[in-house]
Amino acid sequence: MAGGGGGAALGGGGLAAPLLALVAVALGGTWADTDSLDAVPRSLGYGVIAATLALATGIAVLKLQHGRSLWFAAGMQGLLATNMAVPGLVLGAGYVIAFNNNVLPLYGTALLLIVAYAAGALPVAVRLLGTATAQLDMKLDEAARIFALPLSTRLIDIEAALLARPGLHAWLLVAAAVMFELPVSELLYVPGEMPLGVAIVSADMMARYDVAARLALLGMAVLAGLAAALCLALRLGGMPRSLEGKAV
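Residues numbered from 1 in each chain as written. Predicted model: local features only at pLDDT ≥ 70, side-chain atom pairs only at ≥ 80, totals over all residues. Heavy atoms only, no water.

A. How the structure looks around the pattern of salt bridges. Counted by the stated rule, this structure contains 3 salt bridges. The partner of Asp 35 in a salt bridge is Arg 208, with the nearest N and O atoms 3.0 Å apart. With Asp 35 in the loop between α1 (2-26) and α2 (39-65) and Arg 208 in the loop between α9 (196-205) and α10 (209-237), this residue pair connects regions lying 173 residues apart in the sequence. In this structure, the salt-bridge partner of Arg 42 is Asp 38, at a minimum N-O distance of 2.8 Å. The class of Arg 42 is buried, set by a relative accessible area of 18%. By relative accessible area, Asp 38 is classed as partly exposed at 42%. (Salt bridge = Lys/Arg side-chain N within 4 Å of Asp/Glu carboxyl O. Helix = DSSP H or I, 4+ residues; strand = E, 2+ residues; numbered from the N terminus. Buried < 20%, exposed > 50% of the residue type's maximum accessible area, 1.4 Å probe, protein only.)

Written as structure tokens, this is what we have:
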């Protein structure tokens, strides 16, 4: 009973109330007054690329651990935990120091921002995919090799098919986190090309709360639409051919 009441209070006070407040404030003006709308597709693009890089690297890290010693796996997990524990502001400052020079002049470029996003999301990607990849039986790959299946078939028809659902969920979580990320974005974004988190905070600091609310709601709506479309595509893609017509 107490757990249910606590869940209701958390859902109402922590989620429903702020969302309703955003809607109420957003309706106080017009979309014509909203600038920085280009921050939404820009941050969505950053999130898509960074999430893809983070998950691809995470899968490579998890595969690298198979067959290795316990010390290797522990060291890898320690590095990932350390990366996860470092605050985004400190991580962003480190990128500024490391890449604001003549040797590696990447500061102020979109490439460095995407790399920073992907590196920061790598521990989360590994954690989210770790259980799914651990359930993959190594004998599946051995059997595919015995039947002389090509590498592309083993990767796409076996591993990708089994990891599609957990991989999609992990990808969406990472993309959403990157889209609204703030500390690294503030330090590394390209001048004149504000990410969504920076645009929202800038509007808040100028007391343009209606603009900030519209940007936040638009970003949430875009993410919700993307998640719905990808989940529907995954469901239809994994549906037997005989059932596709009935589903339509």
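Once the structure has been displayed, the description carries forward.
B. Broad picture of α9. Within the sequence span of α9, burial applies to Leu 196, Gly 197, Val 198, Ala 199, Ile 200 and Ala 203. At the C-terminal side of α9, Ala 207 shows a positive phi close to 60°.

C. Representation of the nonpolar core in the model. Formed by 33 residues in total, the largest nonpolar core has its most connected members in Leu 55, Tyr 95, Tyr 117, Val 174 and Leu 188. Elements represented by at least two residues in this core include exactly α2, α3 (70-85), α4 (88-99), α5 (110-134), α7 (151-179) and α8 (183-188). Among the elements that line this core, the one with the most residues is α5, at 11 residues. Judged by nonpolar contacts, the second largest core, of 12 residues, contains Leu 196, Ile 200, Leu 215 and Leu 223. (Core = buried A, V, L, I, M, F, W, Y, C linked by side-chain atoms within 4.5 Å.)

D. Main features of unusual backbone geometry. Notably, Ser 36 is not glycine yet its phi reads approximately 60°, a positive angle. Mapping Ser 36 onto the fold places it in the loop between α1 and α2. The backbone phi angle of Ala 207 is positive, close to 60°, even though this residue is not glycine. Topologically, Ala 207 is positioned in the loop between α9 and α10.

E. Structural view of the UniProt feature "transmembrane region" (unreviewed entry) in the chain. With numbering aligned to this structure, UniProt lists the feature "transmembrane region" (unreviewed entry) at residues 7-32, 44-62, 69-98, 104-129 and 211-234. Along residues 44-62 one finds 100% helix and 0% strand; the C-alpha atoms at either end are 26 Å apart. Split by type, residues 104-129 is 77% helix and 0% strand. Its first and last C-alpha atoms lie 32 Å apart. (UniProt positions renumbered as here; feature names shortened; annotations may be inferred.)

F. The side chain of Glu 181, seen in detail. Position of Glu 181 relative to the elements: it lies in the loop between α7 and α8. Separated by 2.8 Å, the side chains of Glu 181 and Ser 185 make a polar contact. Apart from the residues within four sequence positions on either side, Glu 181 is in contact with Tyr 117 and Gly 197. (Polar contact = N/O pair within 3.5 Å; in protein donor to acceptor, adjacent residues only side chain to side chain. Contact = heavy atoms within 4.5 Å.)

G. Region of interest: the packing of aromatic side chains. If you walk through the whole model with that rule in mind, you get 2 aromatic pairs. When the ring of Tyr 46 is compared with that of Tyr 117, the centres are 6.1 Å apart and the planes differ by 50°; the resulting orientation is tilted. Remark: Tyr 117 occurs in helix α5 and Tyr 46 occurs in helix α2; sequence separation between them is 71 residues. For Tyr 46, a relative accessible area of 7% translates into the label buried. Residues Tyr 95 and Phe 99 carry aromatic rings whose centres are separated by 5.9 Å and whose planes lie at 15° to one another, so their mutual orientation is stacked. Pair noted here: Tyr 95 and Phe 99 are both in helix α4, with a separation of 4 residues, about one helical turn. (Phe/Tyr/Trp six-rings, centres within 6.5 Å; stacked < 30°, edge-to-face > 60°.)

H. Highlighting α4. Under the 1.5 Å per step criterion, the end-to-end length of α4 is 16 Å for 12 residues, consistent within 8% with the ideal 16 Å. Buried within α4 we find Leu 91, Gly 92, Tyr 95, Val 96 and Phe 99. Buried positions in α4, seen along its axis, are confined to an arc of 145° and lie on one side of it. Away from its buried face by more than 90 degrees, α4 exposes Leu 89 and Ile 97. (Expected span 1.5 Å × (residues − 1). Arc of directions from axis to C-beta.)

I. The environment of Leu 55, seen in detail. Position of Leu 55 relative to the elements: it lies in helix α2. C-alpha separation for the pair Leu 55 and Leu 122, spaced 67 residues apart in sequence, amounts to 7.1 Å. Ignoring any residue separated from it by four or fewer positions in sequence, one finds Leu 55 in contact with Ala 125, Leu 129, Gly 167, Ala 170, Trp 171 and Val 174.

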